[in-house]
Protein chains: 2
Amino acid sequence: MSRPALRVALLGCGSVGSQVARLLVEQRADLAARVGAPLELAGIAVRRPQLVRDVPFDRSLFTTDAAALVTRPDVDVVVELIGGIEPARGLILSALEHGASVVTANKALLAEDGASLFAAAEKATRDLYFEAAVAGAIPILRPLRESLAGDRVTRVIGIVNGTTNFILDKMDTSGSGFSESLEEAQALGYAEADPTADIEGFDAAAKAAILASLAFHSRVTAADVYREGISEVTAMDVASAKSMNRVVKLLAICDLVEDSHGRSVCVRVHPAMLPRSHPLANVNGAFNAVFVESEAAGQLMFYGPGAGGAPTASAVLGDLVTVARNRLQDVRGAGESTYAQLEIRDMGDTPTRYHVAIDVDDRAGVLASVAQAFARHDVSIQTVRQEGRGRDAQLVVVTHTAPDSALSATVEELRRMDIVRDVISVMRVEGEAEA
Amino acid sequence: MSRPALRVALLGCGSVGSQVARLLVEQRADLAARVGAPLELAGIAVRRPQLVRDVPFDRSLFTTDAAALVTRPDVDVVVELIGGIEPARGLILSALEHGASVVTANKALLAEDGASLFAAAEKATRDLYFEAAVAGAIPILRPLRESLAGDRVTRVIGIVNGTTNFILDKMDTSGSGFSESLEEAQALGYAEADPTADIEGFDAAAKAAILASLAFHSRVTAADVYREGISEVTAMDVASAKSMNRVVKLLAICDLVEDSHGRSVCVRVHPAMLPRSHPLANVNGAFNAVFVESEAAGQLMFYGPGAGGAPTASAVLGDLVTVARNRLQDVRGAGESTYAQLEIRDMGDTPTRYHVAIDVDDRAGVLASVAQAFARHDVSIQTVRQEGRGRDAQLVVVTHTAPDSALSATVEELRRMDIVRDVISVMRVEGEAEA
C-alpha cells in the first residue's frame, strides 16, 4: 500500500469510541484494503485520559484539548462521539472549516441544528456522515439516502429507542407498572440514572426528525416532531391492549400526507397499540427495527441491535470507510437533500385512530350517548366492545381515522359526561387496516 | 437545473424494464433534484417493440439493435435487464468500453463471470452497480458493500428465492407434496413454466455467490457454491420437521470459517430445517429476507419483497441515481473488492448438522446399533427421539456439528443396515444453538 495514511481524530472514548479505536487497530489491514490507504489514529480527545483503561494504542494519542485536535492540519477525518449540543457543534464546525471530513453519531445535534452542520460541510466541500445516529448498527440511513433514492418513500415507522422498548416489553410480559419496569431497566443497565431523554421520547424524536428528513428530502427538526413519552402508560393500558390482541410500543412515525392541500409531512413519537401480528410487535428487548413503505419497493424492514458500543462502532466505521475513500478520490458523497421543502403538518390535523376504554354506568342508553359524543366530533367508530357487566361494565371503542384534534376533543367530552365514571385508557392505534 | 441531462439506455422492457421506464417518467422532477441533473431515456432495446403496450414515452425510443444502442456516444448509463449470459455480457462489456456506466440486475452473469465485467469497469473507470440482482427491492448489497465496510462479516444466511419459499410454505401449511405445490405456484404465477432455475437452486446459488463475494471481499462464483434444490423435499420431510417444531426452508448460506488451516469461505444452497422461533422461519410466501452476522454489529436482518417489477425497479433506480451522481462528479463508486482471496472450502469439509428420521425394526439393541453407526464416523448425537411403537417405530436423530462428508457417510451406512427398514428423512439443521 503506497498511499499515505489517512489520519483520524476521535472525540470521545466511551463505550462507542473505545470500540472504534479497537476496530481501527485490530482490523487495520482489512480497513486499509477497503479504503485504499491505511487509517491511522491521529489523536483521541477525552476529558480525563486517566479514566480510560486497557487501550490497544499508545496513550500519547490522548489529549484533553479537543479544539486543538480538530484543527490540526494532519487530521483528515474527525469522528465526533461526545454527544449533546455544545461543545460538539463548535468542534464539528471547526473541523469542517479546517478541512476535515466528519463522522458523527450525534442525533440530538443533527435533529436540532443539522442545517448549520450541512451548510458548513457544503461550504468546506467535505463529507458529514451519521449512520450511527439512528438505530445503532442497523444500516437504515444509507438505504434511505441511496438505495431508495429512485423511489418515493411514503412512510417510515420504527422502534428506535431500546430503553423504552425494554420497559414496555417488561410491562407486557409481567403485567407490572411503569415505575417498577423502569427500575428494573435501570438495574440492568438498559436505562440511565436520569432516563428523561429516553422515556419522554426526546431520543426517539431526534431520530424521527433525521429519518423524516432523509425519507422525504425535506428539512425536519426535533421541534417539528410531536412527542409523547411512555411515563403515562399504565398497566391498565397494556392490559387493555392485550385484551384486544394488541401490544403497546413507542413508535417513531414519519408520514408523507397527500391531500387537497398538497403534500406535507407529519412526524410524531408516541406510544401506540399495534396488532400482535405486525412485524414490529415482535421486536423485543433492546432491539430496534424500522419499517419503510415506498411506492415501488413496497414494505421493507430493517432489524438489529439499536445501541451498544460495538454495534454503534460498526456503523461509525462503515461511514469512516466511505468518507476516507471519498477523501482519497477528492470527492464528496451526497450532501443534505431538502429540495422538496414540504410543510410540517400539525399533530391536530394528522389523521390517527384511537383506542378508548371507558368505565360506564350500567343503564339503558349509555352506548347511544357515548356514540353521540363521537358523532358530534365527526369521529366514526369502527368497533365497540363491552366487557364485564353491572358495576364493572367497560366499553372499548376503536375509531376509524380522524384528525387527531377531533379524537382528543371527543375524549375530553367523554371525561365530562355523567354516565362515564372513568376514562381508563386512551391510546392511538397503528399498523392495522381499517375494516 | 442548468446541468445537461444524463441519458439512460434501457436493455429490456419486461416487467422490470417497463417499471423503470415508468418511474423515470413519473418521478422525473424528484430524480433530477436527487441526481443534480435530469435523467432522460436515450433508447430502449427490445426484440419485438410491437409486443410492448401502454408505454408512457415516445415509441420512437424503441430499437431492436441493442448493440448499436450501447455504443451511442450520447448514452451515459446502460441499464441491462435482459438477463442470461449472452448477449447480456457482450452488451455490458461494449457499453463500458464505449464509456457508459452500467446498472444490471443480472445475477446469473455476475455469478458466472463477474470478474470480466468488473475488470472492464475498472479499465473504463466506469461504475458497475447491481443491487437488483439479489433479493429484489431489499437493500442488501449496498449495506454489505458500504455500511458494514468497517466490520467483519462472518455469516450471511438468507431466503433469496421467492418461488421455492412459496412452495415450501404451501407444503408446510397444507401438508401437500412437492409436485402439487409446484403446480399451484405455477397456476398463481409464482413459478415459471420451466421452473428448473428456481427449484433446483440455481437462482439462489447465483445470489449466494454475489452475497459471499461482497461479504468476505473474496471472489466467489456460481461454480463454487454447493447446491441442492427442493425437488427432493417430501411431505414426510416437512412433517418430520413439524413434529420437531421446525420448518423447511431453502437457504443460501455463506460462512467465513476460521480454523487451524486459516480462513476460508463456504457457500451453499440447500433445504434445511430451522427452528420455528428463528426470524427466517416466519418469512412467508414470496418474501425474501437476509440475516447478516458480523463481529461488531451482531445480527442484522433485512426483509422485503424479493421480486416483482416495481420492487426490482426501485433497486435499479437507486443504483441509477448513484451512478448518475458519480458521472456528474466524474468519479467511480467502490469497485470489486477481492483483496482477501480466501479459499473455498469443499462441502464435504464444511461443518453442518443433520436431522435423520429412520424407520427401524422394533427389537432390543436397535438404538445401540444406530448409535454405533454414528460413532464410527465420529459424529456425535445431540438428541434421539423415538416416535411410535412396534411396526411403526421411528427414530429421529439430530447430530452435533460434524464435517458434512462424515454425516453423509453415516447416512449411507444407515441405509445399508439390516435393522433400518427405511431412511425417511435426511436434512441439514440450521439456526439453532447446539445444546
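In this report, the structure presented in the accompanying data block is examined. Keep in mind it's a predicted model, so treat the numbers as computed, not measured.

## Quick word on the side chain of Arg246 of chain B
By secondary structure assignment, the location of Arg246 of chain B is in strand β9 (residues 246-259). Only 2.8 Å separates the side chain of Arg246 of chain B from the side chain of Glu432 of chain B, close enough to count as a polar contact.

## Focus on the interface of chain B and chain A
With 47 residues of chain B at the interface, the matching set in chain A holds 47 residues. Contact between chain B and chain A buries roughly 3900 Å² in total, counting both sides, with carbon and sulfur atoms accounting for 51%. Scanning the region where chain B abuts chain A turns up six salt bridges. Taking the shortest distance from any N to any O, the salt bridge between Asp30 of chain A and Arg152 of chain B comes out at 2.9 Å. Our count for the contact surface shared by chain B and chain A stands at 20 residue pairs in polar contact (both at pLDDT 80 or more). Elements with a contribution of two residues or more to the side of chain B that touches chain A: α1 (15-26), α2 (28-35), α6 (141-147), β12 (298-305) and α12 (309-329) of chain B. By residue number, the principal contributor to the side of chain B that touches chain A is α12 of chain B, which donates nine residues. Taken together, the residues of the side of chain B that touches chain A break down into 23 nonpolar, twelve polar and twelve charged. Inspection of the sheet shows strand β12 (residues 298-305) of chain A paired to β12 of chain B by three bridges, in the antiparallel sense. Within the sheet, the bridge partner assigned to Phe302 of chain A lies in β12 of chain B and is Phe302 of chain B.

## Focus: the relation of the copies chain B and chain A
Relating the two copies of this chain is a rotation about some axis coupled with a shift parallel to it. The two copies are related by a screw operation: chain B maps onto chain A through 180° of rotation and 0.0 Å of translation along the axis, at an RMSD of 0.0 Å. Look at the turn and shift together and you get a two-fold axis relating the two. For chain B, the smallest separation between a C-alpha atom and the rotation axis is recorded for Phe302 of chain B, amounting to 2.4 Å. Both copies contact each other with a shared surface, as 100% of the interface residues of chain B are interface residues in chain A too.

## Some thoughts on the environment of Thr383 of chain A
Residues and elements named next belong to chain A. Summarising the element assignment, Thr383 is placed in strand β16 (residues 381-387). Thr383 sits in the partly exposed class, given a relative accessible area of 35%. Taking the C-alpha atoms as reference points, Thr383 and Thr399, separated by 16 residues in sequence, lie 6.9 Å from one another. Look past the residues within four positions of Thr383 in its chain and what remains in contact with it is Val396, Val397 and Val398.

## Concerning the sheet that holds strand β6 (residues 128-129) of chain B
All names here are of chain B. Here we have six strands laid out as an open sheet, ordered β3-β2-β1-β4-β5-β6, and parallel in their pairing. Edge positions in the sheet fall to β3 (62-63) and β6, since each of these pairs with one other strand and no more. Pairing analysis gives four bridges linking strand β1 (residues 6-11) to strand β4 (residues 77-80), with the strands arranged parallel. Directly across from Val8, in β4, lies its bridge partner Val77.

## Brief notes about the nonpolar core
Counting residues in each nonpolar core, the largest one holds 158 residues, and the members touching the most others are Ile140 of chain A together with Ile140 of chain B. Dropping the residues within four chain positions of it, Ile140 of chain A is found in contact with Glu131, Val134, Ala135, Leu211, Val290, Val292 and Phe302 of chain A.

## Quick look at the sheet that holds strand β3 (residues 62-63) of chain A
Residues and elements named next belong to chain A. The six strands lie next to each other as β3-β2-β1-β4-β5-β6, forming an open sheet whose pairing is parallel. The outermost strands of the open sheet, each flanked by one partner alone, are β3 and β6 (128-129). Of the strand pairs in this sheet, strand β5 (residues 101-104) and β6 are connected by two bridges, and their pairing is parallel. Bridged to Val103 within β6 is Tyr129. Across the sheet, helix α1 (residues 15-26) is in contact with β1 (6-11) and β2 (39-45); its angle to β1 comes to roughly 160°. Along the sheet face, helix α4 (residues 88-97) touches β1, β4 (77-80), β5 and β6 and points at about 150° away from the line of β5.

## Quick word on the packing of α4 of chain A against helix α5 (residues 107-124) of chain A
All names here are of chain A. Running from amino to carboxyl end, α4 crosses α5 at an angle of 15°, the nearest separation of the two axes being 9 Å. Taken together, the axis directions place α4 and α5 in an arrangement best described as roughly parallel. Pair α4 / α5 crosses with right-handed handedness. Judged by residue contacts, Ala88, Arg89, Ile92, Leu93 and Leu96 of α4 engage Leu109, Asp113, Ser116, Leu117, Ala120, Ala121 and Ala124 from α5. When its residues are assigned to classes, the contact of α4 with α5 shows nine nonpolar, one polar and two charged.

## Observations regarding the packing of aromatic side chains
All told, the structure shown has nine aromatic pairs over all chains when counted by the stated rule. Both rings, one in Phe302 of chain A and one in Phe302 of chain B, keep their centres 6.0 Å apart while their planes meet at 80°; by these two values the pair is edge-to-face. Pair noted here: Phe302 of chain A is in strand β12 and Phe302 of chain B is in strand β12, and the two residues belong to different chains. The exposure class of Phe302 of chain A is buried, given its relative accessible area of 1%.

## Considerations on the pairing of strand β19 (residues 420-429) of chain A
Residue and element names in this part refer to chain A. Where burial is concerned, most of β19 is hidden: seven out of the ten residues are buried. By the bridge criterion, two bridges tie strand β10 (residues 262-275) to β19 in an arrangement that is parallel. Bridge assignment links Ala272 to a residue of β19, and that residue is Arg428. The pairing of strand β15 (residues 354-360) with β19 spans seven bridges and is antiparallel. Residue pairing across strands places Val360 opposite Val420, the latter belonging to β19.

Thresholds, definitions, all that
- Residues numbered from 1 in each chain as written.
- Chains lettered and ligands numbered in written order.
- Predicted model: local features only at pLDDT ≥ 70, side-chain atom pairs only at ≥ 80, totals over all residues.
- Heavy atoms only, no water.
- Helix = DSSP H or I, 4+ residues; strand = E, 2+ residues; numbered from the N terminus.
- Polar contact = N/O pair within 3.5 Å; in protein donor to acceptor, adjacent residues only side chain to side chain.
- Contact = heavy atoms within 4.5 Å.
- Buried area = accessible area lost by both parts, 1.4 Å probe.
- Salt bridge = Lys/Arg side-chain N within 4 Å of Asp/Glu carboxyl O.
- Nonpolar A, V, L, I, M, F, W, Y, C, P; charged D, E, K, R; others polar.
- Pairing = 2+ DSSP bridges.
- Least-squares fit on C-alpha atoms with pLDDT ≥ 70 in both.
- Buried < 20%, exposed > 50% of the residue type's maximum accessible area, 1.4 Å probe, protein only.
- Core = buried A, V, L, I, M, F, W, Y, C linked by side-chain atoms within 4.5 Å.
- Axes fitted to C-alpha atoms, helices over the stretch in contact; angles between N-to-C directions.
- Parallel < 35°, antiparallel > 145°, perpendicular 65-115°, else oblique.
- Left-handed = near helix turned anticlockwise from the far one by under 90°.
- Phe/Tyr/Trp six-rings, centres within 6.5 Å; stacked < 30°, edge-to-face > 60°.

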